[in-house]
Amino acid sequence: MAITDILSTAQGGQYFANVAKASGLSTAKAKAAVSKFAPAIAAKIKAKAAADPEAFDALLDTLEEGGDSSDLDDVEAMTGTEARADGADILANLYETQVAAEKALGVSGDSESTVAALSATAVLAALAATNASTLTSDAAKAGSGGGGLIAIIIAAILKGLMQGARRQLAPKRRRRRYTYSTRRRTTRRRSTRPGLDDVFREILTGRK
């Protein structure tokens, strides 16, 4: 499924309705905005990774630490205030500033600004989820033991800088935080290395 199809099934099929509540738009307008912003953001992330091999390696390292659809199905994780803050940071790092990001994406008004930020968070969550089965298996073979993290910070793809970190949340909830850092993480050796197109195929083309 492409990114918009993936999101349409999230949260019991209510993802777009929940984005609408968070942004103040109608469900139809929220879906239209996400359908516009999310593919563009995904393509931008891929371009950043393609431009810097270290960025791609760092992205793989982060994804190997685990991921599933749990965040996509959690309303607060994907549409709450932290999700919006994470998304704003993602956009600022991808496009240099949030203002530049919104101009490039064609954002109009505060409501669409909220949707753009939430779309950025959703793209990285979907990217982690769609690659989980492929990448975590190789991490397990390498003995990386990435399971059970309180959260994983998906850090900068800008110039290939990504870093995993832990953050404490409510005991019954584990949430990834999707954001950026300017510090380089050490990449691990892997027995297999998927291609960039393979990693992004499902969210950009809908093909597994």
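Since this is a predicted model, take the numbers as computed values, not measurements.

S.K.: Could you give an account of the nonpolar core, with specific residues and numbers?
M.R.: As a rule of thumb, soluble globular proteins bury nonpolar side chains together. If you look at the biggest cluster of nonpolar residues, it comprises 44 residues, and the most contacted ones within it are Tyr15, Ile41, Leu72 and Ile203. Breaking this core down by element, the ones donating at least two residues are α1 (3–9), α2 (15–23), α3 (27–51), α4 (53–64), α6 (81–95), α7 (98–105), α8 (109–130) and α10 (196–205). With 11 residues, α8 is the single largest residue contributor to this core.

S.K.: Describe in detail the environment of Asp73, supporting the description with residues and values.
M.R.: Positionally, Asp73 belongs in the loop between α4 and α5 (75–79). Among the residues examined, Asp73 registers a relative accessible area of 41% and is labelled partly exposed. As for Asp73 and Gln14, which are separated by 59 residues in sequence, their C-alpha atoms are 9.2 Å apart. Among the polar contacts made by the side chain of Asp73, one reaches the main-chain amide nitrogen of Gln11 at a distance of 3.0 Å.

S.K.: Account for the pattern of salt bridges, with residues named and values stated.
M.R.: For side chains of opposite charge, pairing can occur when their charged atoms come near one another. Counted under the stated rule, the structure contains two salt bridges. Linking Asp197 and Lys46 is a salt bridge whose minimum nitrogen-to-oxygen distance equals 2.6 Å. In this pair, Asp197 sits in helix α10 while Lys46 sits in helix α3, placing the two residues 151 residues apart along the sequence. Residue Asp197 is classed as partly exposed on the basis of its relative accessible area, which comes to 48%. For Lys46, a relative accessible area of 22% gives the class partly exposed. Arg201 serves as the salt-bridge partner of Asp198, at 2.7 Å between the closest nitrogen and oxygen.

Criteria and cut-off values
- Residues numbered from 1 in each chain as written.
- Predicted model: local features only at pLDDT ≥ 70, side-chain atom pairs only at ≥ 80, totals over all residues.
- Heavy atoms only, no water.
- Core = buried A, V, L, I, M, F, W, Y, C linked by side-chain atoms within 4.5 Å.
- Buried < 20%, exposed > 50% of the residue type's maximum accessible area, 1.4 Å probe, protein only.
- Helix = DSSP H or I, 4+ residues; strand = E, 2+ residues; numbered from the N terminus.
- Polar contact = N/O pair within 3.5 Å; in protein donor to acceptor, adjacent residues only side chain to side chain.
- Salt bridge = Lys/Arg side-chain N within 4 Å of Asp/Glu carboxyl O.

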